[in-house]
Amino acid sequence: MRRYVVHDLRGGLREPLDDLSELPEFMEWAEAEYPGISGELMIRAFDGDREVAPSSWATDALGTLRESRVVRTGRWRSELALTVRGFGTGWSNVFWSFRPQIAATETPAPRGAGTGESRLPSLQRVAS
Amino acid sequence: MRMGKNSPPPDWREVARPTPVFRFVTAISDSTPRQDWFLSDQAAAALRGEEPRRNRVEKEHSELLEGMSVFRTKEDAQAEWDAVSQKATQKGEPMQLPDSIAEVMLAPGCGVSIDDRGEPDGHLYAKGAPEAFVPLVADVRAGEDPAVRLYP
């Protein structure tokens, strides 16, 4: 079974998740519990105790977030960035990150509304 | 929104056989093992005058904060250190973790208990008086270059 560990590095939160579908819920919970938390996440994925390369799951993570109310409505609007820990050797590990440019003054969409285009830009490889 | 995770309560178990665990510590400037490396999450936050940050499981079971984070293997701890370090480098920000990794060799009767929640990255909670851990430190290595042994 694939499981995940999410880190909010600036906020100091670390949360194991059984499924990526829990990610938006966790983000909402974190924001409600710790207003102003950084909104910058690092995610690691594991099959058993073996870490899994993000190439096999990062697209799912992105899709999950695109579809989630927490992102669509901009509630996690404070500079959301998802960094997926890459796999490789030492310092040459690969990172991906994305940031939705959601203005703080943007009116949130109604709850549950909208299936249109995500505000998230495409998954972007930023370093290798 | 589901606030909790309905996770099982802590199951603190004393170690039944010699068991190494690995803890992030600040040791580059002074690698002599000391009690403040092993403060519980609660005690460490109190020392900083803060409320401890709790994830959902820790909100449900605040007794977990009577313990502190350790890792099951050296590789688990190093992978975590590397991941956070790479993130900091990428962002041009300071490293969020202490600079070193201490190996603590727990033994039956040492006064330390472990709560193992089966987390995939090897994270465990260890609970015991800080002074109980100090003499059990077997090795301290720099996180950035694990070949650099700082202690003993």
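Everything quoted here is computed from the prediction, not taken from an experiment. (Residues numbered from 1 in each chain as written. Chains lettered and ligands numbered in written order. Predicted model: local features only at pLDDT ≥ 70, side-chain atom pairs only at ≥ 80, totals over all residues.)

## Considerations on the overall build of chain A
Next up, step 1: On a plain count of helices and strands, chain A comes out with three helices and seven strands.
Next up, step 2: Mapped in sequence order, the helices and strands of chain A form the string β-β-α-β-β-α-α-β-β-β.
Next up, step 3: Per-residue burial over chain A gives 35% buried out of 128 residues.
Next up, step 4: Contacts in chain A between residues far apart in sequence, at least 24 positions, make up 63% of those at least 6 positions apart. (Helix = DSSP H or I, 4+ residues; strand = E, 2+ residues; numbered from the N terminus. Buried ≥ 20, exposed ≤ 12 C-beta atoms within 10 Å, placed from the backbone. Contact = placed C-beta atoms within 7 Å.)

## Focus: helix α3 (residues 74-91) of chain B
Residues and elements named next belong to chain B.
Next up, step 1: Relative to the 26 Å expected for 18 residues at 1.5 Å per residue, α3 spans 26 Å between its end C-alpha atoms, a close match to the ideal helical length.
Next up, step 2: Looking at α3, one finds that the buried residues are Asp76, Ala77, Glu80, Trp81, Ala83, Gln86 and Lys87.
Next up, step 3: Directly after α3, the chain includes Gly92, whose backbone phi takes a positive value near 65 degrees. (Expected span 1.5 Å × (residues − 1).)

## Here's the deal with the pairing of strand β7 (residues 137-142) of chain B
All names here are of chain B.
Next up, step 1: As defined by bridge partners, strand β4 (residues 100-106) adjoins β7 across five bridges and the pair is classed as antiparallel. When the sheet's bridge partners are listed, Ser100 is paired in β7 with Ala142.
Next up, step 2: The pairing of β7 with strand β8 (residues 149-151) spans two bridges and is antiparallel. Counted as the bridge partner of Val140 is Tyr151 from β8.
Next up, step 3: Between the antiparallel neighbours β7 and β8 lie six residues. (Pairing = 2+ DSSP bridges.)

## Focus on the nonpolar core
Inside soluble globular proteins, nonpolar side chains tend to come together where they are buried.
Next up, step 1: The biggest cluster of nonpolar side chains holds 27 residues, and the ones touching the most others in it are Val21, Phe22, Val70, Ala102, Val104, Leu124 and Ala126 of chain B.
Next up, step 2: Of all the secondary structure elements, the ones that give two or more residues to this core are β2 (19-25), β3 (68-71), α3, β4, β6 (123-127) and β7 of chain B.
Next up, step 3: In contact with Val70 of chain B, other than residues within four places in its own chain, are Val21, Phe22, Arg23, Leu124 and Ala126 of chain B.
Next up, step 4: Counting 17 residues, the second largest nonpolar core, distinct from the first, contains Val5, Leu23 and Ala45 of chain A together with Ala83 of chain B. (Core = buried A, V, L, I, M, F, W, Y, C linked by C-beta atoms within 7 Å.)

## Observations regarding the environment of His7 of chain A
Next up, step 1: One can find His7 of chain A in strand β1 (residues 2-8).
Next up, step 2: Setting aside residues no more than four positions away along its own chain, His7 of chain A makes contact with Arg14, Leu41 and Met42 of chain A.

## Quick look at the environment of Val112 of chain B
Next up, step 1: Mapped onto the fold, Val112 of chain B is located in the loop between β4 and β5 (113-115).
Next up, step 2: Excluding residues that lie within four positions of it along the chain, Val112 of chain B makes contacts with Val15, Leu106, Ala126, Lys127, Gly128, Ala132 and Phe133 of chain B.

## Describing the confidence of the model for chain B
Next up, step 1: Per-residue pLDDT for chain B averages 92, and the proportion of residues at 70 or more is 97%.
Next up, step 2: Across the predicted assembly, pTM comes out at 0.81 and ipTM at 0.86. (pLDDT = per-residue confidence, 0-100.)

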